[in-house]
Amino acid sequence: MFDLAKQLDNPCNLSIGQPHFDTPQPIKDASAAAIFAGKNGYTPTQGIPELREAVLADYAARGVPQEDGFITSAVSGGFMLALIATCDVGDEILIPDPYFIMWNDLPRTLGVRPKLVNTYPNFKWTRERLEAQITHKTRAIALCSPANPTGAAVDETEMMMIADFAAEHDLWVIYDEIYRLFTYDRPHFEMSQYYPKTITLGGFSKSHSMTGWRIGTAVGPKEVIEPMIKLQQYTFVCAPTPGQWGALAALDLPMTKEVDDYRQKRDFMYNALKDDFEVIKPSGAFYLFIKAPEGMTGDQFVRAAIAKNLILVPGSAFSRKNTHFRLSFANTDEQLKRGVEILKSMVREKEPVLT
Ligand code: PLP
């Protein structure tokens, strides 16, 4: 799909999974100052104490104090360490379908089997569906809220149900909250408030537009954070040093304007498309996960969109099903309007002509 898209001239690209605004200036300044001050060597594996302490203080200030935590090579790095620390060869991990791409593939490379928990059509977790996939080999659940690719945020009832289920089966919960700041209509819930055996992964990539900086955080009980730190020593060694100083400055930025802007974009896109497509209003992140029109797979629809100069991601990249496509609204209003026009024209063309 991306090869096809490369051939396009001035496409409308709504496939991108990163914010369209640049990294805020105070973050760049703090990082540049660190570089020029010669802070270019390794840091402790856990991260610079200033950032580590500030992250733990931030969790405590939000009412979810954490026993331990450290700075990771972004959430992707944190996820890998969490997976190795909680699962062995032959074990199983429960992941939602649709899932964040690496969750279905990375476990396999470690001999861990991902078991898909169906969340279609409303992208909610239910006990029946979790129970359908649990075995004596299950060690962990990977949960993301708000989620990629659906934008669905786990509500308090689901969270309590997942906590009960995890406690019953003594599972670890790996909770990815990379989109935490992009929560639009209600508070963000912390899994660790409901269930202690939770590893919470946070990051700066999306909230502060720092995808290339590779900085994230992992917090949770000492019994799992300590082995994760040991594993980081043997793999990533430490998160990039200048980026850690930038992240320290990032913690002081509320990003309210950017989040309000994305809320408006969410509203605009949802309202513009809801009458023509089957789509659930996302509570967070910056994606709409939309059902392809009747009679078309997600892949077929995305190919047809590319032929009209619109780039989307087929749902099959995130799912065993091939029924949806992902649209990212992390873009300018002008590009979003262009995208809406193209999508609407595609549905209109599909409608039978009445004579
Ligand atoms: N987790 C989720 C749910 C994501 O959507 C992404 C990026 O798309 C990541 C993690 C990767 O984050 P990072 O850049 O911090 O590795």
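See the structure shown above.
Residues numbered from 1 in each chain as written. Predicted model: local features only at pLDDT ≥ 70, side-chain atom pairs only at ≥ 80, totals over all residues. Heavy atoms only, no water.

**Some details on helix 11 (residues 256–273)**
Its 18 residues place the ends of helix 11 26 Å apart at the C-alpha level, agreeing with the 26 Å of an ideal helix rising 1.5 Å per residue. If you check which residues of helix 11 are buried, you get Val 259, Tyr 262, Lys 265, Arg 266, Met 269, Tyr 270, Ala 272 and Leu 273. Angularly, the buried residues of helix 11 cover 165 degrees about the axis, an arc narrow enough to put them on a single face. The exposed set on the far side of helix 11, more than 90 degrees from its buried face, consists of Lys 257 and Gln 264. (Helix = DSSP H or I, 4+ residues; strand = E, 2+ residues; numbered from the N terminus. Expected span 1.5 Å × (residues − 1). Buried < 20%, exposed > 50% of the residue type's maximum accessible area, 1.4 Å probe, protein only. Arc of directions from axis to C-beta.)

**Some thoughts on the layout of surface pockets**
Considering only enclosed or pocket space, the largest pocket measures out at about 330 Å³ in volume. Asp 58, Arg 180, Phe 204, His 208 and Leu 251 are the residues nearest the centre of the largest pocket, which is lined by 19 residues in total. Those elements that place two or more of their residues in the lining of the largest pocket are helix 3 (49–61) and strand 7 (198–203). Looking at the lining of the largest pocket residue by residue, the class counts come to 10 nonpolar, 5 polar and 4 charged. Each pocket or cavity is described by its volume, and for the second largest pocket that value is around 250 Å³. (1 Å grid on protein atoms, 1.4 Å probe; cavity = no way out; pocket = protein on both sides within 12 Å on 5 of 7 lines; lining within 4 Å. Points joined across faces, edges and corners; volume = space filled by probe spheres on them. Nonpolar A, V, L, I, M, F, W, Y, C, P; charged D, E, K, R; others polar.)

**Observations regarding helix 10 (residues 241–250)**
A large share of helix 10 lies buried, amounting to 8 of its 10 residues. Within the span of helix 10, buried status applies to Thr 241, Gly 243, Gln 244, Trp 245, Gly 246, Ala 247, Ala 249 and Ala 250. Of the surrounding secondary structure, the elements contacted by the buried residues of helix 10 are helix 2 (25–36), helix 3 and strand 2 (68–72). (Contact = heavy atoms within 4.5 Å.)

**A short note on the environment of Ala 218**
Residue placement: Ala 218 occurs in strand 8 (residues 216–220). Under the relative-accessibility criterion, Ala 218 is labelled buried at 0%. In this structure, the C-alpha to C-alpha distance between Ala 218 and Ser 345, residues 127 residues apart in sequence, is 45 Å. Setting aside chain neighbours within four positions, we find Ala 218 in contact with Asp 68, Gly 69, Phe 70, Thr 72, Thr 200, Leu 201, Ile 225 and Met 228.

**Quick word on the site of the ligand**
The full set of residues close to the ligand is Ala 74, Val 75, Ser 76, Phe 100, Cys 144, Asn 148, Asp 176, Ile 178, Tyr 179, Ser 205, Lys 206 and Arg 214. Contacts to the ligand include Val 75, whose backbone N or O atom sits 2.8 Å from an oxygen atom. Taking Ser 76, its side chain carries an N or O atom lying 2.6 Å from an oxygen atom of the ligand. Alone, the ligand offers 400 Å² of accessible surface; in the complex the protein occludes 91% of this. Most atoms of the ligand, that is more than half of them, are within 2 Å of grid points of the second largest pocket. A per-element tally of the shell around the ligand places helix 4 (residues 74–86) first, with 3 residues. (Near = heavy atom within 4 Å. Polar contact = N/O pair within 3.5 Å; in protein donor to acceptor, adjacent residues only side chain to side chain. Areas by Shrake-Rupley, 256 points an atom, 1.4 Å probe, with all protein chains shown as cover. Sits in = over half its atoms within 2 Å of the grid points.)

**Focus: the packing of aromatic side chains**
The description of an aromatic ring pair uses the distance of the two centres, along with the angle that the planes make with each other. The final tally for this structure, using the stated rule, is 15 aromatic pairs. Between Phe 277 and Phe 301, the aromatic rings sit 6.0 Å apart at their centres with planes inclined by 80 degrees, giving edge-to-face as the arrangement. Note that Phe 277 is positioned in the loop between helix 11 and strand 9 (278–279) and Phe 301 in helix 12 (residues 298–307), a separation of 24 residues in sequence. Since its relative accessible area comes to 1%, Phe 301 is described here as buried. On the numbers, 6.1 Å between centres and 80 degrees between planes, the contact of Phe 277 with Phe 325 is edge-to-face. With Phe 277 in the loop between helix 11 and strand 9 and Phe 325 in strand 13 (residues 324–328), this pair connects stretches of sequence that are 48 residues apart. (Phe/Tyr/Trp six-rings, centres within 6.5 Å; stacked < 30°, edge-to-face > 60°.)

**Focus: the nonpolar core**
Ranked by internal contacts, the top residues of the largest apolar core, which has 66 residues, are Leu 312 and Leu 327. Leu 130, Met 159, Leu 171 and Tyr 195 belong to the second-largest nonpolar core, a separate cluster that totals 20 residues. (Core = buried A, V, L, I, M, F, W, Y, C linked by side-chain atoms within 4.5 Å.)

**Points about the pairing of strand 2**
Among the 5 residues in strand 2, 5 count as buried, and that is most of the element. By the bridge criterion, 5 bridges tie strand 2 to strand 8 in an arrangement that is antiparallel. Looking at strand 8, one finds that Thr 72 is bridged to Gly 216. (Pairing = 2+ DSSP bridges.)

**Describing the pattern of salt bridges**
Opposite charge on two side chains allows them to pair when their charged atoms are near. Under the defined criterion, the tally for this structure stands at 21 salt bridges. The partner of Asp 22 in a salt bridge is Lys 28, with the nearest N and O atoms 2.6 Å apart. A salt bridge links Asp 68 to Lys 222, with the nearest nitrogen and oxygen atoms 3.5 Å apart. Here Asp 68, found in strand 2, pairs with Lys 222, found in helix 9 (residues 222–234); they are 154 residues apart in sequence, far enough to count as distant. A residue is classified by how much of its surface remains accessible, and Asp 68, at 5% relative accessible area, is buried. A single network of salt bridges, built from pairs that share partners, joins Asp 58, Arg 62, Arg 180 and Glu 190. (Salt bridge = Lys/Arg side-chain N within 4 Å of Asp/Glu carboxyl O.)

**Details of the sheet that holds strand 10 (residues 287–291)**
Strand order in the open sheet formed by 4 strands is 9-10-13-12, and the pairing between neighbours is antiparallel. Edge positions in the open sheet fall to strand 9 and strand 12 (313–314), since each of these has one partner strand only. Direction of pairing for strand 9 relative to strand 10: antiparallel, over a ladder of 2 bridges. Counterpart to Val 279 in the pairing with strand 10 is Ile 290.

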